[in-house]
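Now for the letters of each chain:
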Amino acid sequence: ICKGNLKMLSGMCKRIIVVLVTGFLAWAYQASHPPPPKVCGTPDGALTTGPRVQLRDGRYLAYKEHGVPKEMAKYKIVSVHGFGSSGHDASIAVPEVLEGLGVHLVSFDRPGYGESDPDPKRTTKSIALDIEDLANQLELGSKFYVIGFSMGGQVVWGCLKFIPHRSDICGSHRLLGATLVAPVVNYWWPGFPANLSTEAYYEQYPQDQWALRVAHYTPWLTYWWNTQKWFPGSSVISGTAKFSRQDLEIISKFAGSEQQKEYATQQGEFESLHRDMMVGFGSWEFDPMDLKNPFPDNAGLVHLWHGDEDGLVPVTLQRYIARKLPWIKYTEIPGGGHLFAHADGMGKAILEALLVGKQFTLDN
């Protein structure tokens, strides 16, 4: 009888273990597989409300035009938005400034944001080619400028690497110039000294250190990590980021920011926010520290702007970049936080430096 009971108990334990393991695997699969995006224009997605272009692979990219008509413009710029934002947030697109300088500016929703189709194969190279494709389809001409803010500034590195030279215009670069505003850095770029990147990495909140580790080492868990309730995920996603005093003052002036955030992530946070993290902090196809001057003949300039009180992107890494790549025109804003570009007059100063070479001073 005892042997029979033990055999029955053993069989029951095995069945319980099988059930638990199966349940865990099912949970793990569900946790690591986010729900499909609610693509705009489909039955489950929002309606499209603005113009879009169809890209080389069939995806649609939503865009918005600002400033003077392109036929009358002296300068044509493609603006790249940051993390959790959209093409509606073009901080430098002050109408009177654009009109005064003769600028036609195009902002757009990056893939997965707003009304732009997701790109599950997104890389630093693909988004750069999306930008060139957008410029071609909107007939911005043989040359144009790019400006990127925050995660959009990080995208500009890809533009400098992958938007090609044009043999049909004497081998000159397709870009006329580029500006990176408070660009996000990838702590795993090989060109950073290990001690410097490690020190900068640990300036972040512990929860952000973990969120970026997950995005870099186990990107397939990025969705789970930022949606589970056991440990805090990204502070930027949760709205508790390390903002400076200037940042908080600027945020308090924003109107309708919640509506903008809802629009930006309306197709789902995975193909917008989470994929941004996976691409931005993953393994890149190149190291920006290896880039050569794209304008050796001084036909254009690359600008990098950063605030010395930026709590999201350590200024020490931007200073290193400026020393490592001396062909970059580096401007550091005393007292500037991550959102300094939204401060009064800064959009104009950034544009004037890029387009007409005006030197920035605090009196600007």
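Being a predicted model, the structure only gives us computed values, none of them experimental.

Tell me about the side chain of Asp287, and name the residues and values.
The residue Asp287 is located in the loop between helix H11 (270–280) and strand E7 (302–307) in this model. For the buried Asp287, no salt bridge is present, and the opposite-charge side chain at shortest range is Lys324, 7.6 Å distant. Side-chain polar atoms of Asp287 contact the backbone nitrogen of Gly191, separated by 2.6 Å. Contacts of Asp287, omitting those with residues within four sequence positions, involve Trp189, Pro190 and Gly191.

Requested: an account of the confidence of the model for the protein chain, with residues and values cited.
For the protein chain, per-residue confidence averages 87 on the pLDDT scale, and residues scoring 70 or more make up 86% of the total. A low-confidence stretch, residues 18–27 stays under pLDDT 50, and its non-local contacts, those more than four residues away or across chains, total two contacts. Note on residues 167–171: pLDDT is under 50 here. Beyond four places in sequence and across chains, it has four contacts.

How would you summarise unusual backbone geometry if you had to cite specific residues and measurements?
You will see that Ser150, though not glycine, has its phi angle at about 60°, which is positive. With respect to the helices and strands, Ser150 occurs in the loop between strand E5 (144–149) and helix H4 (151–162). A residue is classified by how much of its surface remains accessible, and Ser150, at 7% relative accessible area, is buried. Phi at Ala182 takes a positive value of approximately 45°, unusual for a residue other than glycine. Here Ala182 is to be found in the loop between strand E6 (175–181) and helix H5 (194–201).

I'd like a rundown of the nonpolar core, residues and numbers included.
The biggest cluster of nonpolar side chains holds 65 residues, and the ones touching the most others in it are Phe108, Ile131, Leu134, Val146, Trp157 and Ile321. Here the element with the most residues in this core is H4; it accounts for seven residues. Setting aside residues up to four positions removed in sequence, Leu134 forms contacts with Val53, Leu61, Tyr63, Val78, Val106 and Phe108. Among the nonpolar cores identified, the runner-up in size contains 29 residues, and Ala93, Val181, Ala182 and Ile250 belong to it.

Now, about the sheet that holds strand E1 (residues 52–54): what can you tell me, with residues and values included?
Across a sheet, strands are paired by hydrogen bonds formed along the backbone, either parallel or antiparallel in direction. Within the open sheet, the eight strands sit side by side as E1-E2-E4-E3-E5-E6-E7-E8. Their pairing is mixed. For this open sheet the edge positions go to E1 and strand E8 (328–333), each flanked by a neighbour on one side alone. Here the average twist between neighbouring strands, direction ignored, is 25°. In terms of strand pairing, E6 meets E7 through four bridges, oriented parallel. Each bridged residue has a counterpart across the sheet, and for Thr179 the counterpart in E7 is His303. With respect to the sheet, H4 is in contact with strand E3 (75–80), E5, E6, E7 and E8, its orientation differing from that of E5 by roughly 145°. The strands touched by helix H13 (residues 346–356) are E3, strand E4 (103–108), E5, E6, E7 and E8; relative to E7, the strand with the most contacts, the crossing angle is about 155°.

If you had to explain the environment of Gly112 to someone new, which residues and values would you point to?
Structurally, the position occupied by Gly112 is in the loop between E4 and helix H3 (124–137). Exposure remark for Gly112: the relative accessible area of 0% places this residue in the buried category. Considering only alpha carbons, one finds Gly112 and Glu271, 159 residues apart in sequence, at a separation of 4.9 Å. Beyond its immediate chain neighbours, meaning those up to four positions away, Gly112 contacts Asp117, Pro118, Ala264, Gln267, Glu271 and Ser272.

Describe the environment of Phe254, naming the residues involved and giving the relevant values.
Within the fold, Phe254 resides in the loop between helix H9 (245–253) and helix H10 (257–264). Spatially, the C-alpha atoms of Phe254 and His342 are 9.6 Å apart, while their sequence positions differ by 88 residues.

Give me the packing of H3 against H4: which residues, what numbers.
Orientation of H3 relative to H4, taken along the N-to-C sense of each, is 75°, at an axis distance of 8 Å. With respect to H4, the element H3 is oriented roughly perpendicular. Facing Thr124, Lys125, Ile127, Ala128, Leu129 and Ile131 of H3, the residues of H4 in contact are Val155, Gly158, Cys159 and Phe162. Its residues placed into classes, the contact of H3 with H4 shows seven nonpolar, two polar and one charged.

An account of the side chain of Thr331 is needed here, citing residue identities and associated values.
Structurally, Thr331 can be placed in strand E8. Filtering out sequence-adjacent residues up to four positions away, Thr331 remains in contact with Leu304, Trp305, His306 and Phe360.

Provide a residue-level description of a nonpolar patch on the surface, including the pertinent values.
A cluster of nonpolar side chains, contributed by Leu248, Ile251 and Phe254, occupies part of the molecular surface with about 250 Å² of accessible area. Within the secondary structure, Ile251 is located in helix H9.

Quick rundown of the packing of aromatic side chains? Include the residues and the values.
Per the stated rule, a full pass over the model turns up 17 aromatic pairs. Ring centres of Trp189 and Trp284 lie 5.1 Å apart, and the angle between their planes is 70°; this geometry places the pair in the edge-to-face category. One end of the pair, Trp189, is in the loop between E6 and H5; the other, Trp284, is in the loop between H11 and E7, with 95 residues separating them in the sequence. Residue class for Trp189 comes out buried when judged on its relative accessible area of 3%. One aromatic cluster in this structure is built from Trp157, Phe162, Trp189, Phe192, Trp284, Phe286 and Tyr320. Lying over the aromatic face of Trp210, Arg213 brings its terminal NZ or CZ to 4.6 Å of the ring centre.

Cut-offs applied
- Residues numbered from 1 in each chain as written.
- Predicted model: local features only at pLDDT ≥ 70, side-chain atom pairs only at ≥ 80, totals over all residues.
- Heavy atoms only, no water.
- Helix = DSSP H or I, 4+ residues; strand = E, 2+ residues; numbered from the N terminus.
- Buried < 20%, exposed > 50% of the residue type's maximum accessible area, 1.4 Å probe, protein only.
- Lys, Arg positive; Asp, Glu negative; His and termini not counted.
- Salt bridge = Lys/Arg side-chain N within 4 Å of Asp/Glu carboxyl O.
- Polar contact = N/O pair within 3.5 Å; in protein donor to acceptor, adjacent residues only side chain to side chain.
- Contact = heavy atoms within 4.5 Å.
- pLDDT = per-residue confidence, 0-100.
- Core = buried A, V, L, I, M, F, W, Y, C linked by side-chain atoms within 4.5 Å.
- Pairing = 2+ DSSP bridges.
- Axes fitted to C-alpha atoms, helices over the stretch in contact; angles between N-to-C directions.
- Parallel < 35°, antiparallel > 145°, perpendicular 65-115°, else oblique.
- Nonpolar A, V, L, I, M, F, W, Y, C, P; charged D, E, K, R; others polar.
- Patch = residues over 30% accessible without salt bridge, like charges linked within 9 Å, V, L, I, M, F, W, Y side chains within 5 Å.
- Areas by Shrake-Rupley, 256 points an atom, 1.4 Å probe, with all protein chains shown as cover.
- Phe/Tyr/Trp six-rings, centres within 6.5 Å; stacked < 30°, edge-to-face > 60°.
- Lys NZ or Arg CZ within 6 Å of the ring centre and 35° of its normal.

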